[in-house]
Amino acid sequence: MEMHRNSNNKKIQVWLPLLFALVMVLGMTLGYLLRGNGSQTRGILMLPGKRSPLQEVVDLVNAKYVDPITDTLNGDMAQAMLAKLDPHSVYIPAVDLSEINEDLQGNFQGIGVEFQIFNDTVNVINVLQGGPSEKAGLQVGDKFVKVGDSVVAGNKITNARIRNLLRGPGASKVLVTMMRNGKLQQFTINRGLIPIPSIDASYKLDSSTGYIRINKFSETTYEEFMASLEKLQKQKISQLVLDLRGNGGGILTEAVDIADEFLDGNKLIVYTQGDKMPRQEYRCKRDGIFEKGKLVVLVDENSASASEVLTGALQDWDRATIIGRRTFGKGLVQEQYDLSDGAALRLTVARYYTPSGRSIQKPYTHDGNGDYGNDLLKRYQHGELVNADSNKVQNGKAYQTKGGRTVYGGGGIMPDVFVPFDTSMISASVNKVLNRTTVSNFVYQYYVQNKNELTAYHSGVEFAQKFDKEEDMWNAFANFASKDSLSVNSISAKDKDFLKDHLKALLGRQIWRNEGLYEILNADDEMIKKALEAVKK
């Protein structure tokens, strides 16, 4: 979701026409105090002196309707109306808002562990280095028995419940009882600020090429990016691969600031414009730390919004080679308004345009969005994700980059170099395995049993190159899976190779978190191979 920084329910559903759903939220929303997100303050929305017919209907329903209008129903009707406007305006219930905002803030208050539930037991699978739990003495392999006075072992515990028990105000204390090597131990943990990194990995692909993968654009992304790039520059890189695959967007200004590090002068990066919002331009403001040196950007069909802003700017100025597949096509700008009951409204207020004037947004209808949500499935069915010849969008106006290359509007950013989707990722045999918890359970157990041997490797890169027990690990997995009523003996050789690589990568994540995951995945990644070819030309 992109942010612009800146009784009787059945009876109601049967008897109220769609107009009711459309107008109720209007009255609710207009009646609330609307405040802008962050530094943007909207204050109270001023209404015209004469009420519209929609407002009159809302007032009559509120005053006369036979049954109470519940908060839940209000929310449902709000979302029903917003879905008629565009695909990305959304009503966020108060109960969901905190978690959503945490992702954009880039942190939350907690104890700093990753956990997974196996056999009704909460296992610690990772401990944040330097975090509250490590300071208290928790280790990978510990099992939660109690949190405070609440028993959480063998008590049908859920992810949501254990998360709620462990989180709390910063500097508050939580007493946990853990099982370690068959013995009960108690630890007092002082909760603290836990980062949610937006940089998955930052390392050298070869002696002169750096790699940075950004998973979203949160309030901390630019700061994280600069730290990563400066670290790589100290290692004498002269080329950079920026990986935006799967990055669904986030805060616009974070993407703009990163673009500024690659572009010189006062170049236009993006502009926004809407019916009620005048054109607003975002330009370079400072000297960047990587204005020279070859740059490659990796994108796919799930790169969206702020990712497309960054990619489009670099393509229009001929600053980077774009490799991958056409991006998602999400070019609508939302502003978040907090409502008086703790809920929020993210309302589309403008569109994004690249420096050449391209609108990033792909087409949509105003009738509940039609097939918009199935667009990626349709692209796969039509061969666009696997066939370079069909991977063209020329139904929009043609534009010119600074260097005179032709690029097209019509939805998303078209890459300069096409790399097809790996269809082995969606085979029936692979999905059958990946849709079970068997894989993650096995990886954790395998790590615990072989911890000393595995932690002797210094990085995911070394592990990818030197670990030679893939077949032994696969045999152990096949045996483990059979005990979980999952047979993998009859799958194809191609699917087996894919799953072996997947297990190895997840094992890398278990040891070195996301950095290890991508160091291993990238070792045999087609887009990475194309990127290295591009930076050497």
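Residues numbered from 1 in each chain as written. Predicted model: local features only at pLDDT ≥ 70, side-chain atom pairs only at ≥ 80, totals over all residues. Heavy atoms only, no water.

Enquirer: Requested: an account of the overall build of the protein chain, with residues and values cited.
Expert: Within the protein chain, the secondary structure is distributed over 18 helices and 22 strands. Counting the 537 residues in the protein chain, one finds 50% classified as buried. Working note: accessible area of the protein chain is about 25500 Å², and carbon and sulfur atoms make up 51% of it. (Helix = DSSP H or I, 4+ residues; strand = E, 2+ residues; numbered from the N terminus. Buried < 20%, exposed > 50% of the residue type's maximum accessible area, 1.4 Å probe, protein only. Areas by Shrake-Rupley, 256 points an atom, 1.4 Å probe, with all protein chains shown as cover.)

Enquirer: Would you mind going over the packing of helix H9 (residues 252-260) against helix H10 (residues 306-316) in detail, with residue names and values included?
Expert: The N-to-C vectors of H9 and H10 enclose an angle of 25 degrees; their axes lie 9 Å apart at closest approach. Taken as axis vectors, H9 and H10 run roughly parallel relative to one another. The interaxial crossing formed by H9 with H10 has right-handed handedness. Residues Leu252, Ala255, Ile258 and Ala259 of H9 lie in contact with H10, whose contacting residues are Ala306, Val309 and Leu310. Of the residues in the contact of H9 with H10, the class split is seven nonpolar, no polar and no charged. (Axes fitted to C-alpha atoms, helices over the stretch in contact; angles between N-to-C directions. Parallel < 35°, antiparallel > 145°, perpendicular 65-115°, else oblique. Left-handed = near helix turned anticlockwise from the far one by under 90°. Contact = heavy atoms within 4.5 Å. Nonpolar A, V, L, I, M, F, W, Y, C, P; charged D, E, K, R; others polar.)

Enquirer: Before we move on, could you go through the side chain of Thr354 and cite the residues and values that matter?
Expert: Topologically, Thr354 is positioned in the loop between strand E19 (344-353) and helix H11 (375-381). For Thr354, a relative accessible area of 2% corresponds to the buried category. At 2.6 Å, the side chain of Thr354 forms a polar contact with the side chain of Asp316. In contact with Thr354, other than residues within four places in its own chain, are Tyr271, Gly312, Asp316, Ile360 and Ile413. (Polar contact = N/O pair within 3.5 Å; in protein donor to acceptor, adjacent residues only side chain to side chain.)

Enquirer: I'd like to hear about the pairing of strand E12 (residues 209-214), residue by residue, with values.
Expert: In terms of burial, E12 is largely enclosed, as six of its six residues are buried. Taking every second residue as pointing to the same face, both faces of E12 are buried, with Thr209, Tyr211 and Arg213 on one and Gly210, Ile212 and Ile214 on the other. Across five bridges, strand E11 (residues 199-204) lies against E12 in antiparallel orientation. When the sheet's bridge partners are listed, Ile199 is paired in E12 with Ile214. (Pairing = 2+ DSSP bridges.)

Enquirer: Give me the lowdown on the confidence of the model for the protein chain, citing residues and values where you can.
Expert: Here the protein chain averages 86 in pLDDT, while 88% of its residues score no lower than 70. Counting contacts from residues 5-48, a segment whose pLDDT is below 50, to residues more than four positions away or on other chains yields 83 contacts. (pLDDT = per-residue confidence, 0-100.)

Enquirer: Give me the lowdown on the packing of helix H13 (residues 438-449) against helix H17 (residues 493-521), citing residues and values where you can.
Expert: H17 packs onto H13 with a crossing angle of 55 degrees between their chain directions and a minimal axis gap of 10 Å. The angle between H13 and H17 falls in the class oblique. Helix-helix and strand crossings are classified by hand; for H13 and H17 the assignment is right-handed. Taken together, the residues of H17 that come into contact with H13 (itself represented by Val439, Phe442, Val443, Tyr444, Tyr446 and Tyr447) are His502, Leu503, Leu506, Leu507, Gln510 and Ile511. When grouped by side-chain class, the residues that make up the contact of H13 with H17 number ten nonpolar, two polar and no charged.

Enquirer: Talk me through the environment of Ile125; I want residue IDs and the actual numbers.
Expert: Relative to the helices and strands, Ile125 is located in strand E5 (residues 121-127). Sequence separation of Ile125 and Glu114 is eleven residues, and the distance between their C-alpha atoms is 5.6 Å. Discounting residues that sit within four places of it in the chain, Ile125 has contacts with Glu114, Phe115, Gln116, Phe118, Val140, Tyr444 and Gln510.

Enquirer: Talk me through the packing of aromatic side chains; I want residue IDs and the actual numbers.
Expert: A full pass over the atoms with the stated rule returns 13 aromatic pairs. Members of the aromatic cluster, each reached through a chain of ring pairs, are Phe442, Tyr446, Trp474, Phe477 and Phe480. Positioned above the aromatic ring of Phe463, the side-chain terminus of Lys504 is 5.9 Å from the ring centre. (Phe/Tyr/Trp six-rings, centres within 6.5 Å; stacked < 30°, edge-to-face > 60°. Lys NZ or Arg CZ within 6 Å of the ring centre and 35° of its normal.)

Enquirer: So what's going on with the environment of Gly342? Which residues, and what values?
Expert: With respect to the element layout, Gly342 can be found in the loop between strand E18 (332-338) and E19. Expressed as a C-alpha distance, the spacing of Gly342 and Leu97, which sit 245 residues apart in the sequence, is 8.0 Å. When near neighbours in sequence (up to four residues on either side) are disregarded, Gly342 contacts Ala94 and Leu97.

Enquirer: Account for the side chain of Asn126, naming residues and giving values.
Expert: Residue position: Asn126 is located in strand E5. With sequence-adjacent residues up to four places away left out, Asn126 is seen in contact with Val113, Glu114, Val140, Arg509, Gln510 and Arg513.

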